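If you want the building blocks of each chain, they are given just below.
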Amino acid sequence: MTFDLSKTKSIANTFIAELRDENIQKDAMRFRKNLERLGEFFAYEISKTLKFTSREVVTPLGTSQCDFLETQPVLATILRAGLPIQQGLLNIFDKSECCFISAYRKVKKNGDFIIQMDYVSTPDLEGRVLIMADPMLATGRSMVMCCKELINRYKVSELHIVAAIASTEGVAHVKANLPKAKLWLGAIDEEMTSKSYIVPGLGDAGDLAYGEKM
């Protein structure tokens, strides 16, 4: 299942437009906030697919039968760019536990790169719903590696993948390697550069959110 937010007209599309805009990108605080807002939108949409139970709530004037989420999902992200969108998810799933993975592109002398994973910090995921968030789904290699690292350790009940911008190639790679994953995407772009940056995309999300890295 793939949910493409850009196919539905909503205020979220404005936040995606601002993320792409090279002038608005100069405001790092607004860039982070827009990623956070998208996380909140996706949390709302994902919540519609989760299980709820009904129980009675006592008000000052009587009682009301209300729906409650049965279990909170675990919110995972790839450091550092994924932190704002994970925070948006956490704003909604505010009782959730979190998982953090350090993974990055290690560039070789010939310009090729491998995905280097250095660190994983996670709660117990056995039987849990896992939401993995990253702003960009370019080649999809980082996402697949990180998700497989977790699902090989634990029997996850559901896997949801959230990204602000994805490439068609990245989507295809994820579907081929994680066929049971549900994808929640802000927009899907057709092209990538020779260095595997999405076009038109929005640039380097980590640098735009937190400053250029050495």
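Residues numbered from 1 in each chain as written. Predicted model: local features only at pLDDT ≥ 70, side-chain atom pairs only at ≥ 80, totals over all residues. Heavy atoms only, no water.

1. Some details on the pairing of strand β9 (residues 158-167)
Thinking step 1. Within β9, 9 of the 10 residues are buried, which leaves the element mostly enclosed by the surrounding structure.
Thinking step 2. Examined bridge by bridge, strand β7 (residues 129-133) and β9 share 5 bridges and lie parallel to one another. Bridge pairing links I131 to H160 in β9.
Thinking step 3. In this structure, strand β8 (residues 136-137) lies alongside β9, joined through 2 bridges in parallel fashion. Looking at β9, one finds that L137 is bridged to A166.
Thinking step 4. Regarding the hand of the β-α-β motif, the stretch spanning β8, helix α4 (residues 141-153) and β9 is right-handed.
Thinking step 5. Inspection of the sheet shows β9 paired to strand β10 (residues 182-189) by 7 bridges, in the parallel sense. Among the inter-strand pairings, A163 is bridged to a residue of β10, identified as L185.
Thinking step 6. Handedness of the crossover is the feature at issue here: the chain leaves β9, passes through helix α5 (residues 168-177), returns alongside β10, and the resulting connection is right-handed. (Buried < 20%, exposed > 50% of the residue type's maximum accessible area, 1.4 Å probe, protein only. Helix = DSSP H or I, 4+ residues; strand = E, 2+ residues; numbered from the N terminus. Pairing = 2+ DSSP bridges. Right-handed = clockwise from strand over helix to strand, strands pointing away.)

2. A few points about the nonpolar core
Thinking step 1. Ranked by internal contacts, the top residues of the largest apolar core, which has 31 residues, are L38, F42, V162 and I165.
Thinking step 2. For this core, the element with the highest residue contribution is helix α2 (residues 28-47), accounting for 6 residues.
Thinking step 3. Discounting residues that sit within four places of it in the chain, F42 has contacts with F3, L5, L89, V162, A163, W184, L185 and G186. (Core = buried A, V, L, I, M, F, W, Y, C linked by side-chain atoms within 4.5 Å. Contact = heavy atoms within 4.5 Å.)

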